[in-house]
Amino acid sequence: MTKTTGSGAASQTGVTDAITDVVYTADSGYYFPTDYSVASVNGIGVTRNSYTQITVSGTPSADAEITLTAPTAKTKPAAPTTAAAVDCTTAANNDGKLTGVTTAMEYKKSDATDWIVGTGSDITGLVPGTYYVRLKATDTTTASDNQELTIAEYTAPTYTVTYKVVNGTWSDDSTTDKTETVQSGSCPASVPTGMKAAEGYTSGSWDKNPADTTITEATTFTYTFTENQKVATPTFSPAAGTYTAAQSVEISCTTDGAEIYYTTDGNDPSASSTKYSSAIAVGETTTIKAIAVKEGMTDSSVASTTYTISEGPEPSEETEVRVEDHLSDDSISDDLKNSDFNTVSRIEDALETALSITTEEEKERSKLVDVKLMISTDGGKHWDEATTENFPAGGIDVVLPYPDGTNGDEYSFSVAHMIGTSANGKTAGEIEKPGTTNTSSGISTHFNGLSPVMITWTKNSSPSKKDDSKSKEKAHTHHYVWETIEATEDSDGELRYKCDICGDIQTRVPITAYYVFNKNTTDKIRKAGQGATVKIETSRFISFHKMVMDALAERPDVTLEISFLDGEYKGDRVIVTIPAGTDALSLLDENGFVGFLYLASKYGYTLDN
C-alpha cells in the first residue's frame, strides 16, 4: 500500500491533540476487503474507507505505534467463453457482430487501444478482424485473460448450374448434362453452344436464357428441340379380323395432302413401296403395312393389320359344345385379357349390366358359365377347342343345360354372351343378347362366339284370374310366345312371355331406354367416318355408360358433341364437346359412368336457348 500524498505523516511527534489523518491507498492489484481491521493502540485506530483506501486517525493517550495489515491481492478470473463472432454477410464488410458480450465484459479490436464496456446486447456494425473480449476488472479481481474472436470477410456463395439437352446432342455429340460453378449474384459464363437436333426435330431453344439469369440458387437450364409435325398414322377399313369371304380394304389418313404407301409381303413400307390409290382386294390371309408421307413433315408411324380369310370347319369335321360351370381368369381369351374385361369379375359386371341384373336376389338367379366349341377331325377320338380360323362364320346354335333347380316348364331364361375373340366382324368385349327357347334338353339359343355366357331366369307367375266376362271365353290351352316391345331413347321397352290366344302375360323382362341410348351412341361412334364429329342430342339422360367411352377409346379420331337438358342450367340446352384424341376411359367414375355435368366442368360448354 502507499501513503496518499497530502495526508498526515506516517510518524507524528509532539502531538497534544488528534493526529493528522494518515491515508493509505492499496497498490494496483490489491484491495482492502470488507472485513479489513487493525486493533486500535492508545486511541489511534484504522478505518476502512473503501476497497482501495484506509485512514489512520485518533487522539493518542500515550505514545502509540500501530502496524497496518497488508491489503489482499486481487485474483484474475479465466477468460470468458460465452462470446461469439458472426462473420460479415455483405460485400460492404461492415455488418459483422459479437454476441454474448455482457455488461460484466469489455471488448476491443486487437489493434485498438481502449477497451469498450459491453451493453448486454449484440455488438453490431463491426468490420473484419481479430477482437478481444474479457471480463473487466472489479474491486476484488483484475481483468480476465482475453477470449480471442475473429470476424471473417464476406465470401459470396457459389451454386451449381446444370445444362440439359432434349431431343438432340451437344456440339460434341454427347448428351450428358453439363455443369459449371457460378458465384451468387453473377450470370453463367460458360453457356453451351452449337447444340445439334436429333432426326425429326428442329428449332431448339432454352427454357430461359442462361446468360441473362442472375444466379442465387442451384439452377437447371434445358435446351429443347421441337419435334417436326408428324403425319397421322393410316387406318384400315374394315378392321383387322377373321373373315369367311374376300375383303376390299381401304386405307385412309387424316392429314390433308398425305400420300399412302403400303406392302403386303411383311416388310415395313417406305416412299418407294406401292402407292395406295384404290381399295386392296384381299382373298387370302394377308398382313398389310402402310405409312403416310407428306413433304415438310415427319413420315407417319407404320400401321399394320392382318386379315384372316377362313371358310370355317370342313364338312367332315365333328363339333360338340361343352358347358362348364365355372369361368376362371386363366381361361379368359387373350383378346379379353388385353381389354378392360381382363378378369372374371369385370366380365361378370358387364354381363349383369347388359341383363339389367342389379339386386342381390337377381344375382342369385343368374349364372356365369364357360362355353366351348370342341372340334374333332378324326371321328371323335381327339377333340380341340375351336379357333378363329375354324369357328363357323355364321355362329352356332347352342343348347345350354337348365341351371340347378330350374326347368323349361316353370322358368323363363335370358342370356348374354361377351365376344371373347375378335373375328367375323365382331370385336372382343362386345355383348350380344340372343333370344332363347325352352326345349326338352335345355335352353336353345344362337351365339356368334362362345365363352363367357351369363344365364338369368325368373319363375313364371300363375295366370291371373279372369273377370266374369272373360271366364265365359272358350276354354283353351295357353300358347305362350315371346313378344318384344322395342325400347327407344325416349321410352323403356320389355320382353313379354304372352299367350297369343287370350293375351295373358306370364313374364315381363324390362329393356331400358338408357341402354338403347348408350347402344345407339356406341354404334354411331364406331360407324363414323375418319375424323368425323358425332352429334348426340337427348332430353332425358345426363350421363354415358362405359360402353360409350370404350367406343371412343377405339376411335380416338372421333369428336363427340353432346346436347342435353339439365335443371342446373335453368332448362337451357347445354352443348359439351369431347375432343378427338381424349383418353376417354380416364373420364369414367368408379362406377363406370361419366356425367354430362362433369364433362361441362372439364371442357366448358355453350347454352342453346
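Up top is the structure these notes are about.
Residues numbered from 1 in each chain as written. Predicted model: local features only at pLDDT ≥ 70, side-chain atom pairs only at ≥ 80, totals over all residues. Heavy atoms only, no water.

Participant: Just to check I follow, could you spell out helix α7 (residues 596-603) for this structure?
Facilitator: Owing to its 3.6 residues per turn, the α-helix brings residues three or four apart onto one side. Three or more residues of α7 are buried, namely Phe596, Leu599 and Ala600. Considered in projection along α7, the buried side chains sweep an arc of 105 degrees and stay on one side of the axis. For α7, the elements touching its buried residues are α5 (513-527), β41 (543-545), β42 (559-565), β43 (573-578) and β44 (593-595). Following α7 by one or two positions, Gly604 has its phi on the positive side, about 85 degrees. (Buried < 20%, exposed > 50% of the residue type's maximum accessible area, 1.4 Å probe, protein only. Helix = DSSP H or I, 4+ residues; strand = E, 2+ residues; numbered from the N terminus. Arc of directions from axis to C-beta. Contact = heavy atoms within 4.5 Å.)

Participant: How do you make sense of the nonpolar core when you look at a structure like this?
Facilitator: One recurring pattern in soluble globular proteins is that nonpolar side chains are buried together. Counting 27 residues, the largest nonpolar core has Phe544, Met549, Leu552, Leu560, Ile562, Ile578 and Leu599 as the members making the most contacts within it. Take this core: its biggest share by element is five residues, from helix α6 (residues 546-554). If near-sequence neighbours (up to four positions away) are discounted, Ile562 is found in contact with Ile536, Phe544, Val574, Ile575, Val576, Ile578, Phe596 and Leu599. One finds Val398, Phe413, Val453 and Trp457 within the second-largest nonpolar core, a separate group that totals 18 residues. (Core = buried A, V, L, I, M, F, W, Y, C linked by side-chain atoms within 4.5 Å.)

Participant: Hey, could you run me through the packing of α5 against α6 in this one?
Facilitator: Geometry of a packed helix pair, given as the angle between the helix axes and the separation of the axes. Contact geometry for α5 and α6: axes closest at 9 Å, N-to-C directions at 5 degrees. Classified by the interaxial angle, the pair formed by α5 and α6 is roughly parallel. For the pair α5 and α6, contact is made by Tyr515, Asn518, Lys519, Thr521, Thr522, Ile525 and Arg526 and by Met547, Val548, Ala551, Leu552 and Glu554, respectively. Of the residues assigned to the contact of α5 with α6, the class counts are six nonpolar, three polar and three charged. (Axes fitted to C-alpha atoms, helices over the stretch in contact; angles between N-to-C directions. Parallel < 35°, antiparallel > 145°, perpendicular 65-115°, else oblique. Nonpolar A, V, L, I, M, F, W, Y, C, P; charged D, E, K, R; others polar.)

Participant: Can you help me understand the pairing of strand β8 (residues 96-99) in this one?
Facilitator: The side chains of a regular strand alternate between both faces of the sheet. By the alternation rule, side chains of β8 split into Gly96 and Leu98, which are all buried, and Lys97 and Thr99, of which none is buried. Pairing between strand β7 (residues 84-86) and β8: three bridges, direction antiparallel. Opposite Ala85, over in β8, you have Leu98 as the bridge partner. (Pairing = 2+ DSSP bridges.)

Participant: Before we go on, may I ask you to explain the pattern of salt bridges in this structure?
Facilitator: One pass over the structure, following the stated rule, counts 14 salt bridges. Note that Lys519 is salt-bridged to Asp523, the shortest N-O span being 3.0 Å. Residue Lys519 and its partner Asp523 are both found in helix α5; the two are separated by four residues, about one turn of the helix. Asp557 is the salt-bridge partner of Arg555, the closest N and O atoms lying 2.9 Å from each other. This pair shows no difference in class: Arg555 is buried, exactly as Asp557 is. (Salt bridge = Lys/Arg side-chain N within 4 Å of Asp/Glu carboxyl O.)

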